[in-house]
Structure formats: structure tokens, C-alpha cells
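Summary of the model geometry
As a plain string of letters, each chain reads:
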Amino acid sequence: MSFFKSQKLTSSFSIEIDSIASDKSISHRCAMFSMLSDGQNIVRNFLRAEDTMNSLKIIQDLGAVVEDDGDIIKITSSGIKESFDILDCGNSGTGIRLFCGLLASANGHFILSGDEYLKRRPMNRVTKHLRAIGAKIDGRDDGNLAPLSIRGSSLKAFDYVSPIASAQVKSAMILAALRSEADCIYTEPELTRDHTERMLRGMGASLVTNGLTTTISPLKKLLKPLDITVPSDPSSAFFFAVACAITPNSKVTLKNITLNPTRIEAFKILEKMGAIIKYDLKEDVYEPIGNIVVEYAPLKAVEVSENISWLIDELPALSIAMSCADGVSVVKNAHELRVKESDRIRTVVDNLKLCNIEVEEFDDGYSVKGGELKSAKVKSFGDHRIAMSFIIAGLKCDIEVEDIDCINTSFPNFFELLESLK
Ligand code: S3P
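Residues numbered from 1 in each chain as written. Predicted model: local features only at pLDDT ≥ 70, side-chain atom pairs only at ≥ 80, totals over all residues. Heavy atoms only, no water.

A word on the site of the ligand
Taken together, the neighbourhood of the ligand is formed by Ser25, Arg29, Thr94, Ser166, Ala167, Gln168, Arg193, Ile312, Asp313 and Lys340. Ser166 has a polar side-chain atom sitting 2.6 Å from an oxygen atom of the ligand. A distance of 2.6 Å is found between an oxygen atom of the ligand and a side-chain nitrogen or oxygen belonging to Lys340. Relative to its unbound accessible area of 380 Å², the ligand is 95% covered by the protein chains. For the shell around the ligand, the secondary-structure elements that each account for two or more residues are α1 (24-34) and α6 (167-177). The residue inventory of the shell around the ligand, partitioned by class, reads 2 nonpolar, 4 polar and 4 charged. (Near = heavy atom within 4 Å. Polar contact = N/O pair within 3.5 Å; in protein donor to acceptor, adjacent residues only side chain to side chain. Areas by Shrake-Rupley, 256 points an atom, 1.4 Å probe, with all protein chains shown as cover. Helix = DSSP H or I, 4+ residues; strand = E, 2+ residues; numbered from the N terminus. Nonpolar A, V, L, I, M, F, W, Y, C, P; charged D, E, K, R; others polar.)

Re the sheet that holds strand β7 (residues 109-113)
Read from one edge to the other, the open sheet built from 4 strands follows the order β6-β7-β9-β8, with strand pairing classed as mixed. With partners counted over all chains shown, the strands left at the sheet margins are β6 (87-88) and β8 (136-139), one partner each. Alignment of β6 against β7, held across 2 bridges, turns out to be parallel. Of the residues in β7, the one forming a bridge with Asp88 is Ser113. The sheet strands contacting helix α3 (residues 93-103) are β6, β7 and β9 (145-151), and the helix crosses β7 at an angle near 170°. (Pairing = 2+ DSSP bridges. Contact = heavy atoms within 4.5 Å. Axes fitted to C-alpha atoms, helices over the stretch in contact; angles between N-to-C directions.)

Digging into the pattern of salt bridges
Side chains carrying opposite charge are able to pair once their charged atoms draw close together. Taken as a whole and judged by the stated rule, the model has 25 salt bridges. Asp364 is the partner of Lys332 in a salt bridge, and the nearest nitrogen-oxygen pair spans 3.8 Å. Of this pair, Lys332 sits in the loop between β19 (328-331) and α11 (344-354) while Asp364 sits in the loop between β20 (358-362) and β21 (365-369), and the two are 32 residues apart along the sequence. Given a relative accessible area of 10%, Asp364 falls into the buried group. Among the charged side chains, a network of salt bridges with common partners joins Arg193, Asp313, Glu341, Arg344, Asp383 and Arg385. (Salt bridge = Lys/Arg side-chain N within 4 Å of Asp/Glu carboxyl O. Buried < 20%, exposed > 50% of the residue type's maximum accessible area, 1.4 Å probe, protein only.)

Focus on the packing of aromatic side chains
Per the stated rule, a full pass over the model turns up 8 aromatic pairs. With a centroid separation of 5.7 Å and 50° between ring planes, the pair formed by Phe240 and Phe414 is classed as tilted. Of this pair, Phe240 sits in helix α8 (residues 234-245) while Phe414 is found in helix α13 (residues 414-419), placing the two residues 174 residues apart along the sequence. Under the relative-accessibility criterion, Phe240 is labelled buried at 1%. Ring geometry for Phe414 versus Phe415: centroids 5.3 Å apart, planes at 75°, classification edge-to-face. In textbook terms, an aromatic cluster arises when at least three aromatic residues are bridged by ring pairs, as seen for Phe4, Phe239, Phe240, Phe411, Phe414 and Phe415. Taking NZ or CZ as reference, Lys268 lies 4.5 Å from the ring centre of Tyr279, over its face. (Phe/Tyr/Trp six-rings, centres within 6.5 Å; stacked < 30°, edge-to-face > 60°. Lys NZ or Arg CZ within 6 Å of the ring centre and 35° of its normal.)

Considering unusual backbone geometry
Put simply, Ala146 and Pro147 share a cis peptide bond, and its omega is 5°. Position of Pro147 relative to the elements: it lies in strand β9. The phi torsion at Asp142 lies on the positive side, around 55°, for a residue other than glycine. With respect to the helices and strands, Asp142 occurs in helix α5 (residues 140-143). Positive phi, normally seen in glycine, also occurs at Asn356, with a value near 70°. As for its position among the elements, Asn356 is in the loop between α11 and β20.

Brief notes about the domain arrangement of the protein chain
Often the size quoted for an interface is simply the accessible area lost on bringing the parts together. Partitioning the protein chain into domains gives domain 1 (3-22 + 231-419) and domain 2 (24-229). Taken together, the 31 residues of domain 1 in the interface contact 31 residues of domain 2. Considering only the side of domain 1, the residues that lose the most area to domain 2 are Ser22, Tyr286 and Thr409, jointly responsible for 28% of the buried surface there. Arg125 serves as the salt-bridge partner of Glu336, at 2.8 Å between the closest nitrogen and oxygen. The interface formed by domain 1 and domain 2 includes 15 residue pairs in polar contact (both at pLDDT 80 or more). Breaking the side of domain 1 that touches domain 2 down by element, the ones donating at least two residues are β17 (287-295) and α12 (384-393). In terms of residue class, the side of domain 1 that touches domain 2 is made up of 12 nonpolar, 10 polar and 9 charged. (Domains from an automatic or database assignment. Buried area = accessible area lost by both parts, 1.4 Å probe.)

Given below as C-alpha cells:
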């Protein structure tokens, strides 16, 4: 088990970063949606991290031809074929849940599984509703836990009002709808990240969104192939935004980030806390893309209880900014944090306590009293975002983070960029 001892940063920094890891959500979707297209899909800047490389491997197991020259990835599919092997999603909840939607109506039998952490995460949120429209999916705990077995079957149309604000659930249902017998309607309780809708529309699918409701028509023919440059991931960029926001006199320019409003809410919260943040839109292909400039200013406490699904991946890093802010910050309505790569309410609270920060745990969040982070030894709990958040906290004092291999699931060049702050 590997560990990292971060060292207190003794000077300020002013840097530009143009190699933040590519967006994980969009990369997964590039691999999966290529299976619905005819012709060759061209994907530049695909995220070469464990989670998304697992998705790429899975589509190859399902019959796609992938040509990779180390720069551009070209994907050609001739329909979904039954795989000989177990489809291993590794640590990725997005991977396994979206593949459930894609494979529910495919011809054949498929087994989806993953690592020890993924096998403990709830799959009912997709399997239950897919089963209700005719999917044949089973697994441990009555279909709630991986490994999941799927026997593709024909799917009925649905009009489903989801109680969970989850882009994974929405995307799984949209993928199922594309191959169901008639128009389907999906309503979410609040708007979640909409990469699936944007990308599928760009490929020619008929998805009509009105407020929180999307009507999806089944595909009459295969979709146009993708020709896409994946932007950098705002959730990964956010670690360096926090690094800047807690280091006096610092400035960082984060380049070519998706500025999709459902993805940059954490930057807006950091701005509310006092950091100076500018957004510079450069282009709009599938997604708005541009630079985010962050400048240090003293931070004050904030209360976060809305748009939680827009913040869900960044709350651990935000908790580090909260621990350096003046006053007591509060996070509420964030139950979903409990079913991420770790129970992020518990793991944030336990680790901040070890760093001598006053924290209170609630069922649906926590409060953090700004103070002085103290040296400590903390665990990642196998969760990449917990590992990176506490390594960033280590810029204020020396912190040792155990079990950091998980960082490779989303951000393999994290340490290289961390070095550049010195
Ligand atoms: C994702 C959706 C979110 C997010 C995850 C990626 C996606 O999960 O936390 O990292 O790509 O659809 P939920 O759908 O569970 O909110």
C-alpha cells in the first residue's frame, strides 16, 4: 500500500496549468456511445486513467475495434457482441451503471463487476428501474450488488420520475430508452450533469429536454460517430483551485476546462467564500470550454445546501477550503456523499478531525470550523478524491496520506502538477 507525505508549501505560486486530466464523465461516454454509432469515432484527449481505460477495454470486449496511436483514439463498432469475459469496471460507479443501461437490451449475456469498493456500492438505483421495464438483471442482494448478470431483452417504454438526483441513473435510463419500443420520458428532481444529453444530441439522437423532463425517442438508425476533443475535468482542476485559494498571494490559470454550468458550481462556491475567480469561454463544441483563473483572497465560511449534485465530486476538496476559512461552514442535503467511492461524509469528517479541525457530522452533511490544519496521518479509504483533497491540505502542514494508488483512477499526472506548485 503506497503513501504520500506532503510538505508544507513555503512560498506562493503563480502558474498556468494546461494538462489537467481530461474529463472522466465525458471520456466514459465517448467509449460507450461509440457503440451506438456507425463509422469511425475520433476521440482526442481521452482520459488515460484506470476508470476510463476500463471502459475502453470493456467496449473492446464487446466487439469494438479501438486504434490508439497514443494521442488520438479511433473507435469503430459493429454492434454490441457478447463477451467471453467478465466486464471489469474497476472502481467506477459511472462505468458499471451506464453499462447496465447500454447492455440491458443488447443481444447476449454479460457479467459486470469491479473492485472491492465498487462491489459494496448500491446498484438498485439503476437495476430496479431497468428491471421494471423488462431488463433481466440480477446480482447479489437481489440485484443490488455487483457482480451483476445481464441477459439482454426487449425493453418497454417508460415515464419515470426519479427521486434521485443522479446523472448516472439518468444516463442509464436514457441509454435503455434509445433501444426501447416507444418514446420514453425521464424526469429528474434537479438538473444533474447533462453530458449524455449533449453528446447524444450531437450524434443525432432525438432527446427533447423541457425543464427537468427529457423525452427520448428510440433510435431508428445508428448514430453519427463522435469527433470530439475531451476538455479537462473541472473536478480534477478544482484541487488546484483550492491549493491556490489556501495559499496567500497565489494565482493559477486552469486551461481548457469544461465550463458546463452543471460542473463548475464548486468554483462558484469558492468565489462566494472570497477567492477571486474568472471564467474565460474559448469554444463551444458539445460543451462550453475555456480557462478558469483563480486568485487567492482570504476565505470566509459558507453554507452549502443547494445544487448538491453539481458539487458532489468537489465537496471533499471544498472541505479543505472550509477548514482554512474564517467561521463555521455547513454542508446539508448531501446524503448522496455517503454512497460515493467512500462514505465521503464519514471520511471527510474523520480525516479533518485527525488534522485538528473542529467538525460535526450530520446524517446529510457536516459542519467545519475554520482553524489551523495540523500534521497528521490520514487514510484515503480507497477514494481518489479523499486522497487528493488531503494531499492539498498538506500544503498547509505536513500530512501523510495512506493508500494513494486510487489517484490513478482519475488523475494520473496529479503529482507532476503538484510538484509544479513549488
Ligand atoms: C457522474 C455522475 C455523478 C458523479 C460521478 C460521475 C457521471 O454521480 O459523482 O463522479 O459521469 O454521470 P451520480 O450520478 O451518482 O451523482
